[in-house]
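Reading the structure
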Amino acid sequence: MWCTEIIFGFTTIQSDDITYDKIISDINATSQSLNGEVLDAETYDVGGIVGMLNSSQMYNCYSTATTHASNESSGVITGSMNTSLNTNNPVSIDNVYSNGTATGTKYPGNITGWYEGYEAKYPVHVTNSYYVGSGDAFGNSAAKKYDESQHTTLQKVSADASAVELLNANLQNGYAQWALDENGEIIFEKVEFVLKGEGTKESPYLIETVDDLLEMNRAIGASREHASAYYQLKASLDLSGIEFKGLSSPYEFSGTFDGLGHVIKNINIHNKQQINTGFFHATNGATIQNLGIESGIIEAGARVGGIVGFATNTVIKNCFNNAEISGYYDVGGIVGIIQDTKIYNVFNKGKIRVNNKSIGGIVGSGEGTNAGDSLISNAYNIGQVNVGTYTGKI
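Our subject in this report is the structure included herewith. (Residues numbered from 1 in each chain as written. Predicted model: local features only at pLDDT ≥ 70, side-chain atom pairs only at ≥ 80, totals over all residues. Heavy atoms only, no water.)

1. Things to note about the sheet that holds strand E9 (residues 50–54)
Using the following cut-off: Here the rule is simple: two strands pair whenever DSSP picks up at least two bridges between them. We count a stretch as a helix when DSSP gives it H or I for four or more residues in a row; a strand needs E for two or more, and each element gets its number in order from the N terminus. Here an axis means a line fitted to C-alpha atoms, over the contact stretch when the element is a helix, while the angle between two N-to-C directions is reported on a 0 to 180 degree scale.
Taken in spatial order, the three strands line up as E9-E14-E18 in an open sheet, and their pairing is parallel. In this open sheet, the two edge strands, each paired with only one partner strand, are E9 and strand E18 (112–115). The sheet shows a mean angle of 15° between the axes of neighbouring strands, taken without regard to direction. Across four bridges, E9 lies against strand E14 (residues 78–82) in parallel orientation. Within E14, the position partnered with Asn54 by the bridge is Asn82.

Written as structure tokens, this is what we have:
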């Protein structure tokens, strides 16, 4: 529990630069949860996760707490939401789930007790937020009418699979996935990992079999932690007859994958509607090294590559592709499209086909915020590159 004098909440969240009267402001709280009870002592602004949310953002959080304020403003998620302390940074919450109880003498709410967004000069944005139980989302809604234009999908729901579907439909990069536990309660999905290793630089997760590769794909799709871990490929893998659509997840892969000189054989990905497709669909801040795609076909819509479909701020080194790669645009033997990415010591021998534009033996197209942000060094291509608009051997 966190409290500053008479303002109660669950989480202590540090401010980068602004604190008003001991009320912590300008923060981001992502994937926080609370189960239990928040007690009071002649209090106001009692919240399950944050007591007073000032000029701050909260994303993908839930609370099943019981909160009570003896004075006023009690909420299952926050005690109050206020923008008046810093109007340049409006309060916003997104993909929040409430299934607790807020009580008190004045202004109990299923989302927040006091909602300052009733005044147009103090906007408070609530998107994709859901609550269970009787009563209003905002405790002071009976006293003042809130501006519905500030909200998208503020909805009363049942605590069942339909609510999980709504929450998972709104996942953004960095959001944990939602699930039902064995008791039918809505929680963040727990990822139980069976790979050897610890996912660290010193003890990476080990990919020894095809099943291990599929397990990696499952885990990086369910957890940002696993999408940013260290992995080593300990043996060459044959994907003949295996339903493998590439390593993909709501999170761009930001970890390190070391192939240790091993190869992937008979990769077989066919999805002409898919954007960002390769052995890795999308990376951001990753390192991919010492890996070969020995054979197979990767066929998709746009941003298609043998190693990565869309690589941002990524290092790719000592890799090759010999699979056939095809798509509609941004198609390359190693990467479909790069942004602020460095590529060293790579080659392509596979056939590259495109139905529209931007095709290259190594990279389909490149972007950068400044000249020189992306680099290709010591690379060669001997694969056939079909002619299209903006075609290059590299």
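2. Things to note about the sheet that holds strand E37 (residues 363–367)
Taken in spatial order, the four strands line up as E28-E31-E34-E37 in an open sheet, and their pairing is parallel. Strand pairing shows two members of the sheet lacking a second neighbour, strand E28 (280–284) and E37, which therefore form its edges. Pairs of neighbouring strands in the sheet enclose a mean axial angle of 10°, with direction left out of account. In this sheet, strand E31 (residues 308–312) lies alongside E28 in parallel orientation, the contact comprising four bridges. When the bridges of E31 are listed, Ala282 appears paired with Phe310.

3. Focus on the nonpolar core
How we decide: Here, nonpolar core refers to any group of buried Ala, Val, Leu, Ile, Met, Phe, Trp, Tyr and Cys residues whose side-chain atoms link them within 4.5 Å. Relative accessibility decides the category of a residue: with a 1.4 Å probe and only protein chains considered, values under 20% of the type maximum give buried, values over 50% give exposed, and everything between is partly exposed. When checking whether two residues touch, look at their non-hydrogen atoms; a contact exists if any pair is within 4.5 Å.
Core analysis: the biggest nonpolar cluster contains 66 residues, and Met216, Tyr231, Phe257, Ile267, Phe279, Ile288 and Ile316 have the highest contact counts within it. For this core, the element with the most residues is helix H2 (residues 210–222), which contributes five residues. Leaving out residues up to four positions away in the same chain, Ile288 has contacts with Phe253, Phe257, Phe280, Ile307, Val315, Ile316, Lys317 and Cys319. Met58, Cys61, Ile93 and Phe138 belong to the second-largest nonpolar core, a separate cluster that totals 18 residues.

4. A few points about the environment of Ser84
Structurally, Ser84 is set in the loop between E14 and strand E15 (91–98). Along the sequence, Ser84 and Asn54 sit 30 residues apart, while their C-alpha atoms lie 7.9 Å from each other. Beyond its immediate chain neighbours, meaning those up to four positions away, Ser84 contacts Glu116 and Tyr122.

5. Focus on unusual backbone geometry
The backbone of Asp330 shows a phi angle near 55°, a positive value even though the residue is not glycine. By secondary structure assignment, the location of Asp330 is in strand E33 (residues 324–332). What makes Asp330 buried here is its relative accessible area of 8%.

6. What about helix H1 (residues 161–169)?
Stated precisely, the cut-off is as follows: Directions drawn from the helix axis to the C-beta atoms are what define this arc.
Inspection of H1 places Ala163, Val164 and Leu167 among the buried residues, and these make up the whole buried set. Projected onto a plane normal to the axis of H1, the buried residues spread over an arc of 100° and lie on a single side. Opposite its buried face, H1 presents the exposed residues Glu165 and Ala169, each directed more than 90 degrees away. Among the structural elements, E15, strand E19 (124–131), strand E21 (178–180) and strand E22 (186–188) are those in contact with the buried residues of H1.

7. Notes on the pairing of strand E29 (residues 287–293)
Along E29, five of the seven residues are buried, which leaves the element largely enclosed by surrounding structure. One ladder, built from six bridges, connects strand E26 (residues 256–265) with E29; its direction is parallel. Within E29, the residue paired with His262 across the bridge is Leu291. As paired strands, E29 and strand E32 (residues 315–321) are joined by six bridges and run parallel to one another. Paired with Gln289 across the bridge in E32 is Lys317.

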